[in-house]
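# Summary of the model geometry
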Amino acid sequence: MILNPIVLQTHFTIDCVIYSFNEGKLQLLLTERSVYPYKDWWALPGFFVEKDEEMEDAVKRILYEHTGLKDIFMEQLGAFADVKRHPEGRILTVAFSTIVKYEDVKSKIKPTTSYMRQAKWFPIDQLPVVAFDHAKIVEQSMQKLKHTISYSTAVYELLPEKFTLTQLQQVYEAILGKTLDKRNFRKKIANAGFLKELSEVQKGVSYRAARLYKFDKRKFQKQLGLL
């Protein structure tokens, strides 16, 4: 007997938690929806995975559509499949935490799909109410950042290539959600040994220019036993 094939229709989306750092604040990119469900709500950038598309290729496509960048730092956060996460039924999404340098994207951010009205950066501590279960996704992403901050390069992916110790401390404080003692922080960073002090200082500032530093990724990985 020949059985009729059963065709399974999979509803599978990607959502991207895109972070950047600007004006002393950790920023999150959100897009304003122009279609139902959740018309006029803010949401994480994301969309359905195409039929013959690999998952990570879908992430790269969505990131490129919104930032104009390739080779972006990204880590898979997890799958979200609550029955009520979408008004039209169970639609599984896989979320990724990603990071872009603000200088690389400040003039490029724009929605390139018909279902999004605009894209905008929001400080992580001033987010609007968001659609679907995106608040839960952002919360889990922030928790992961906090837990991996000591052995991830994420902090330095947020900073420009040359940065001040104040900028570095601001990133740590934004992720951890607390104020750090300046003297102790700088002592720990100095003892870590993976920052290179430059002969350069800040330019174009109205206050006393601070010394600039660079992150030595090789030394960082060596200390973690990755090299």
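No experiment lies behind these values; they were computed from the predicted model shown. (Residues numbered from 1 in each chain as written. Predicted model: local features only at pLDDT ≥ 70, side-chain atom pairs only at ≥ 80, totals over all residues. Heavy atoms only, no water.)

### Points about the environment of M74
With respect to the element layout, M74 can be found in strand β5 (residues 73–80). By relative accessible area, which is 21% here, M74 ends up partly exposed. Beyond its immediate sequence surroundings of up to four residues, M74 is in contact with E56, V59, K60, L63, S97 and T98. (Helix = DSSP H or I, 4+ residues; strand = E, 2+ residues; numbered from the N terminus. Buried < 20%, exposed > 50% of the residue type's maximum accessible area, 1.4 Å probe, protein only. Contact = heavy atoms within 4.5 Å.)

### Looking at the packing of aromatic side chains
In this structure the tally under the stated criterion is 14 aromatic pairs. Relative to F215, the ring of F194 lies with its centre 6.0 Å away and its plane at 85 degrees, an arrangement referred to as edge-to-face. A residue pair is termed long-range when its members are at least 10 positions apart, and F194 in the loop between α6 (182–192) and β8 (195–201) and F215 in strand β9 (residues 211–215) qualify at 21 residues. Residue classification places F194 among the buried residues on the basis of a relative accessible area of 8%. What links up through ring pairs into an aromatic cluster is the set Y156, F163, F194, F215 and F220. (Phe/Tyr/Trp six-rings, centres within 6.5 Å; stacked < 30°, edge-to-face > 60°.)

### Here's the deal with the pairing of strand β6 (residues 92–99)
Burial within β6 is extensive, with 7 of its 8 residues counted as buried. Of the pairings in the sheet, the one linking strand β1 (residues 12–22) to β6 comprises 8 bridges and is parallel in character. Within β6, the position partnered with V17 by the bridge is S97. In this structure, β5 lies alongside β6, joined through 7 bridges in antiparallel fashion. In the sheet register, G78 faces β6, and the bridge partner there is A95. (Pairing = 2+ DSSP bridges.)

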